[in-house]
Each structure stands twice: as structure tokens, then as C-alpha cells.
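# Report on the structure
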Amino acid sequence: MRRDRHGRGLRGPLYPASLPAAASRAEKFDQLVLDALEPIEARWRDQLTKLDVAVDEVPEVRGPSHSLQAEGVLHDGAVPLSRLVPAGVDRSGMPTRARIVLYRRPLEARAKDPAELGELVHDVLVEQVAGYLGVEPDVIEGD
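Since we're looking at a predicted model, the values are computed, not measured.

### Observations concerning the side chain of Ser82
Summarising the element assignment, Ser82 is placed in strand β3 (residues 79-85). For Ser82, the side chain forms a polar contact with the side chain of Gln128, separated by 2.8 Å. Residue contacts for Ser82: discarding those within four places in its chain leaves Gly72, Val73, Leu74, Val101, Leu102, Tyr103, Val124 and Gln128.

Below, the structure written as C-alpha cells:
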């Protein structure tokens with residue numbers, strides 16, 4: 001640590017990295033996704049070995065008609081909240097794994113508080129995992 005050039009005090013992080021307040025919104029959201037995925041993965045571990053879960057800031061929107069017709073996209077109105085990308089082959093001919101992509105900003109915009117955001121992320125993950133496995137969402141939650 002050194003003093004700043006105006007002599008006003010020490011320069012450095014406001015919070016130590018070990019405190020939760022030091023985590024960015026994106027890091028907190030990533031942890032929320034991991035926490036929501038844990039019970040689902042514990043129950044369906046064998047069927048989810050070839051599935052990845054990712055987080056993007058916002059969806060890539062190519063046009064109004066494309067986003068509404070894309071398969072595997074979970075919408076709230078016209079705004080995509082998540083997408084299930086099936087396994088396939090990339091441009092270089094390499095096989096790709098299936099993946100669920102959650103869109104952080106649209107999900108955060110729909111939640112009033114962190115508890116509601118946690119529930120929304122859980123519900124979206126349940127919907128997408130159910131779509132991946134070809135079962136009803138109630139089966140995923142064990143109701």
C-alpha cells in the first residue's frame with residue numbers, strides 16, 4: 001500500500017477479498033447459480049454428466065422474429081432469460097456438449113430482492129434441465 005499523490009490516504013481495495021462485500025454482482029450471481037444447481041445435480045447426477053451450465057450478461061438478439069422462434073429459449077415476454085443449447089459440432093468440426101446459458105441481467109431485472117432472484121434462478125434451471133432430460137419440471141423437483 002502506498003499513499004495517493006494528493007496525500008489523502010492509503011490506496012487499495014475498500015474491502016478485503018475475504019469478505020462477501022468484495023464480490024462483484026457477477027460473482028454473486030455465479031454463486032447463486034451454483035447454489036441453485038447443487039440440489040438438482042445431486043438428484044440427477046448420472047443424467048447431467050454431459051451438460052454444462054454457463055452465465056452470460058445478456059442474450060445475443062439477432063432480430064425480433066429470431067429470438068421468439070429460437071428453440072430451447074425460456075422467455076419472459078419478448079426477453080430471453082435462458083437458453084438450452086443442444087450438443088452438436090462447432091465450426092472446426094469438434095463435438096460440443098449441451099449447455100444451459102442463463103442471462104444474468106434479464107434475470108436480475110425481474111427480481112425484487114436476492115431471495116426472489118434465487119427462486120427465479122432455481123425455477124429457470126429446473127425448466128431448462130427438464131427440457132434437456134425431456135421430462136416435466138415437477139419430476140426434476142421431485143414433487
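### Looking at the sheet that holds strand β1 (residues 51-56)
Here we have four strands laid out as an open sheet, ordered β1-β6-β3-β2, and mixed in their pairing. At either margin of the open sheet sits one strand with a lone partner, and together these are β1 and β2 (73-76). The mean angle between the axes of side-by-side strands here comes to 15°, regardless of whether they run parallel or antiparallel. Bridge analysis of β2 against β3 gives four bridges, and the strand direction is antiparallel. Looking at β3, one finds that Leu74 is bridged to Ser82. Packed on one face of the sheet, helix α1 (residues 25-44) meets β1 and β6 (98-103) and runs near 150° to β1.

### Concerning a negative patch on the surface
On the surface, Asp113, Glu119, Asp123, Glu127, Glu136, Asp138 and Glu141 cluster together into a negatively charged patch. Listing elements by their share of the negative patch, those giving two or more residues are α4 (114-133) and α5 (137-141). Note that Glu119 resides in helix α4.

### Looking at the pattern of salt bridges
Tallied over the entire structure, the rule returns six salt bridges. For Arg110, the salt bridge goes to Asp76, with nearest N and O atoms at 2.5 Å. With a gap of 34 residues between them, Arg110 in helix α3 (residues 104-110) and Asp76 in strand β2 connect regions that are remote in the sequence. The partner of Arg104 in a salt bridge is Glu108, with the nearest N and O atoms 2.9 Å apart. One end of the pair, Arg104, and the other, Glu108, are both in helix α3, four residues apart, so they sit about a helical turn from each other. Each member of the pair, Arg104 as well as Glu108, is classed as buried. A single salt-bridge network, built from bridges that share partners, covers Arg25, Glu57, Arg104, Arg105 and Glu108.

The rules we used
Residues numbered from 1 in each chain as written. Predicted model: local features only at pLDDT ≥ 70, side-chain atom pairs only at ≥ 80, totals over all residues. Heavy atoms only, no water. Helix = DSSP H or I, 4+ residues; strand = E, 2+ residues; numbered from the N terminus. Polar contact = N/O pair within 3.5 Å; in protein donor to acceptor, adjacent residues only side chain to side chain. Contact = heavy atoms within 4.5 Å. Pairing = 2+ DSSP bridges. Axes fitted to C-alpha atoms, helices over the stretch in contact; angles between N-to-C directions. Patch = residues over 30% accessible without salt bridge, like charges linked within 9 Å, V, L, I, M, F, W, Y side chains within 5 Å. Areas by Shrake-Rupley, 256 points an atom, 1.4 Å probe, with all protein chains shown as cover. Salt bridge = Lys/Arg side-chain N within 4 Å of Asp/Glu carboxyl O. Lys, Arg positive; Asp, Glu negative; His and termini not counted. Charge placed at Lys NZ, Arg CZ, Asp CG, Glu CD. Buried < 20%, exposed > 50% of the residue type's maximum accessible area, 1.4 Å probe, protein only.

Distances and angles like these do not, on their own, reveal function.
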